[in-house]
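Residues per chain are reported as follows:
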Amino acid sequence: NAGVTQTPKFRVLKTGQSMTLLCAQDMNHEYMYWYRQDPGMGLRLIHYSVGEGTTAKGEVPDGYNVSRLKKQNFLLGLESAAPSQTSVYFCASRSRGEGTDTQYFGPGTRLTVL
Amino acid sequence: TQLLEQSPQFLSIQEGENLTVYCNSSSVFSSLQWYRQEPGEGPVLLVTVVTGGEVKKLKRLTFQFGDARKDSSLHITAAQPGDTGLYLCAGAWGHAGGTSYGKLTFGQGTILTVHP
């Protein structure tokens, strides 16, 4: 049981390049989330998904796209990377159940855009 | 947009001292969570408080939810070097099974360093 995994762990991009971050969870969770973490700003929600085939915008969605073709995977895409997207990206998942409020986080992807 | 103000942003103390971290908002939350994050890892949930006035204890850590469910505090007694890390509060509104979908609003975080 690996929990939530993220690939890659580190990446350096040049401005304008594209990339996809992969998040996978093996806990059969319905809800999945993508956050970015910047110094002094906590975690901010980029996009989220409440089930296979569904996605929705969070607090800071501009410049990102997501897809959830399979329940266990949630992909975050950057079509044309910008230096402002330099950040640490975290994926999280949780069950839909009322009594299970824990979000389980992956180890993060550190992205630098030059 | 619900906002959470967390303070202080940095805490540097000696082993054995006590400390309190605060989390305040102008909004009412249905629940509030506290996470701890180690360098190079994702946040890990410490506790969830749901009822106004609720107090929960986790060994030397005491968590309190304000009566109006707009603020919370984390108190650590006799801090140890192993307590060093980033502490984050996160508020949820509505119910996960409803249209809030378990979304969280995070505070800015408190970086705690406990010196031996």
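Let me begin by describing the structure that accompanies this report. Source: prediction; values computed, not measured.

Bringing the interface of chain B and chain A into the picture now. Across the contact, 23 residues belong to chain B and 21 residues belong to chain A. Carbon and sulfur atoms supply 55% of the area buried between chain B and chain A, which totals about 1700 Å² over both sides. Across the contact surface, chain B and chain A share zero salt bridges. Between the two partners, chain B and chain A, sit three residue pairs in polar contact (both at pLDDT 80 or more). For the side of chain B that touches chain A, the secondary-structure elements that each account for two or more residues are β4 (31-37), β5 (44-49), β9 (85-92) and β10 (104-106) of chain B.

Right, let's talk about the sheet that holds strand β7 (residues 61-65) of chain B for a bit. Residues and elements named next belong to chain B. If you trace the five strands from one edge of the open sheet to the other, you get β1-β3-β8-β7-β6, paired in antiparallel fashion. Both edges of this open sheet fall to β1 (5-7) and β6 (55-58), since each of them pairs with a single strand only. Geometrically, the sheet is characterised by an average inter-axis angle of 15 degrees between neighbouring strands, direction not taken into account. Across four bridges, β6 lies against β7 in antiparallel orientation. Within β7, the residue paired with valine 55 across the bridge is glutamine 64.

All names here are of chain A. As summarised here, the arrangement of the four strands in space is β1-β3-β8-β7, forming an open sheet in which the pairing is antiparallel. With partners counted over all chains shown, the strands left at the sheet margins are β1 (4-7) and β7 (65-67), one partner each. Taken pair by pair, the neighbouring strands of this sheet meet at an average axis angle of 20 degrees, ignoring direction. Pairing between β7 and strand β8 (residues 73-78): three bridges, direction antiparallel. Looking at the pairing, valine 66 lines up with leucine 76 of β8.

Residue and element names in this part refer to chain B. Across all of its chains, the model carries five salt bridges over all chains by this definition. Here lysine 56 ties to glutamate 54 by a salt bridge, and the two come within 3.8 Å at their closest N and O atoms. Look at lysine 56 and you get partly exposed, because its relative accessible area is 32%. In this structure, the salt-bridge partner of aspartate 83 is arginine 60, at a minimum N-O distance of 2.9 Å. Within this pair, whereas aspartate 83 is found in the loop between β8 (71-76) and β9, its partner arginine 60 is found in the loop between β6 and β7, the two being separated by 23 residues in sequence. Under the relative-accessibility criterion, arginine 60 is labelled partly exposed at 25%.

Definitions and cut-offs
- Residues numbered from 1 in each chain as written.
- Chains lettered and ligands numbered in written order.
- Predicted model: local features only at pLDDT ≥ 70, side-chain atom pairs only at ≥ 80, totals over all residues.
- Heavy atoms only, no water.
- Contact = heavy atoms within 4.5 Å.
- Buried area = accessible area lost by both parts, 1.4 Å probe.
- Salt bridge = Lys/Arg side-chain N within 4 Å of Asp/Glu carboxyl O.
- Polar contact = N/O pair within 3.5 Å; in protein donor to acceptor, adjacent residues only side chain to side chain.
- Helix = DSSP H or I, 4+ residues; strand = E, 2+ residues; numbered from the N terminus.
- Pairing = 2+ DSSP bridges.
- Axes fitted to C-alpha atoms, helices over the stretch in contact; angles between N-to-C directions.
- Buried < 20%, exposed > 50% of the residue type's maximum accessible area, 1.4 Å probe, protein only.

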